[in-house]
Amino acid sequence: MAKRKLMMLGPPGAGKGTQAKRLGLILDVAHISTGDMLRDARRAGTSLGVEAARYMDAGELVPDAVVIGIVAERLKSSDVADGFILDGFPRTREQAEALRGMGVELDAVLNIVVSEEEVVRRLGGRLSCGNCGAVFHREFNPPKERGVCDSCGQVGLFVREDDQPDAIRQRLVSYEAKTSPLVRFYRELGTLEDVDGSLEPSEVEANILAGLG
Ligand code: AMP
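Residues numbered from 1 in each chain as written. Predicted model: local features only at pLDDT ≥ 70, side-chain atom pairs only at ≥ 80, totals over all residues. Heavy atoms only, no water.

Student: Tell me what's going on with the pattern of salt bridges, and back it up with residues and numbers.
Tutor: For side chains of opposite charge, pairing can occur when their charged atoms come near one another. The tally for this structure, following the rule as stated, stands at 19 salt bridges. A salt bridge links Arg 160 to Asp 163; the nearest nitrogen and oxygen atoms lie 3.9 Å apart. On the basis of relative accessibility, which here comes to 11%, the residue Arg 160 falls in the buried class. (Salt bridge = Lys/Arg side-chain N within 4 Å of Asp/Glu carboxyl O. Buried < 20%, exposed > 50% of the residue type's maximum accessible area, 1.4 Å probe, protein only.)

Student: Please give an account of the side chain of Arg 122 that cites residues and values.
Tutor: Structurally, the position occupied by Arg 122 is in helix H6 (residues 116-124). The exposure class of Arg 122 is buried, given its relative accessible area of 15%. Among the polar contacts made by the side chain of Arg 122, one reaches the main-chain carbonyl oxygen of Gly 13 at a distance of 3.1 Å. (Helix = DSSP H or I, 4+ residues; strand = E, 2+ residues; numbered from the N terminus. Polar contact = N/O pair within 3.5 Å; in protein donor to acceptor, adjacent residues only side chain to side chain.)

Student: Break down the site of the ligand for me, with residues and values.
Tutor: Around the ligand, the surrounding shell holds 16 residues, and the nearest of these are Thr 34, Arg 39, Glu 60, Gly 88 and Arg 91. Measuring from an oxygen atom of the ligand, one finds a backbone N or O atom of Glu 60 at 2.6 Å. A distance of 2.9 Å separates a nitrogen atom of the ligand from a polar side-chain atom of Arg 91. Contact with the protein chains covers 94% of the free accessible surface of the ligand, which is 480 Å². For the shell around the ligand, a count of residues per class yields six nonpolar, four polar and six charged. (Near = heavy atom within 4 Å. Areas by Shrake-Rupley, 256 points an atom, 1.4 Å probe, with all protein chains shown as cover. Nonpolar A, V, L, I, M, F, W, Y, C, P; charged D, E, K, R; others polar.)

Student: Tell me what's going on with the packing of aromatic side chains, and back it up with residues and numbers.
Tutor: Following the criterion strictly, the structure yields one aromatic pair and no others. Look at Phe 185 and Tyr 186: their rings are 4.9 Å apart centre to centre, the planes differ by 90°, and that puts the pair in the edge-to-face class. Using a relative accessible area of 3% as the deciding quantity, one classes Tyr 186 as buried. (Phe/Tyr/Trp six-rings, centres within 6.5 Å; stacked < 30°, edge-to-face > 60°.)

Here it is, written out as structure tokens:
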């Protein structure tokens, strides 16, 4: 049977979210993005959202206990029994250990590899929809009509606070310091699969699917 308990690993801007959404549809499994969940909480104005916002805007990681709590809750839902794609979690060794502590054995960790130069180029032009969360790019994936969301029609796409230059730099620092050690962690567990993230999204998708069998 194809692998169905998956995790996306890689620096910000590697294309984790894009690939996780596509794979979720193709494999018919839940796409679990901690970034999306935190942004939803923020839009809803919950205390969790308010607490998370200040870390997110600065490009820093939200404290482990907060994120682990959200994921533990989400993994109790019946729609994940058959498989899921974790996107943006775990991001620290502590989160990875907590996931194992929840009894979750990942079938594959897809490590999307892109150069730092490419990451900076991609994140620099990112545009987001404040209504539905869809993401575009000024250069690589512009909306059909300037400033209007293709998905929900919302007018006024914007550059996320954490896609501003200072926050991008901080996100890359956080990735190097806290998340990149997970490459080794999962390689040693034998679940890591490197994926060339420099290609077109459809090619990246095809390579991932071929690797999953
Ligand atoms: P993302 O959309 O995955 O890039 O996440 C956006 C922001 O949400 C990150 O820069 C962090 O501030 C926060 N975040 C998302 N996932 C995590 C996580 N697993 N651990 C800590 N912070 C997270």
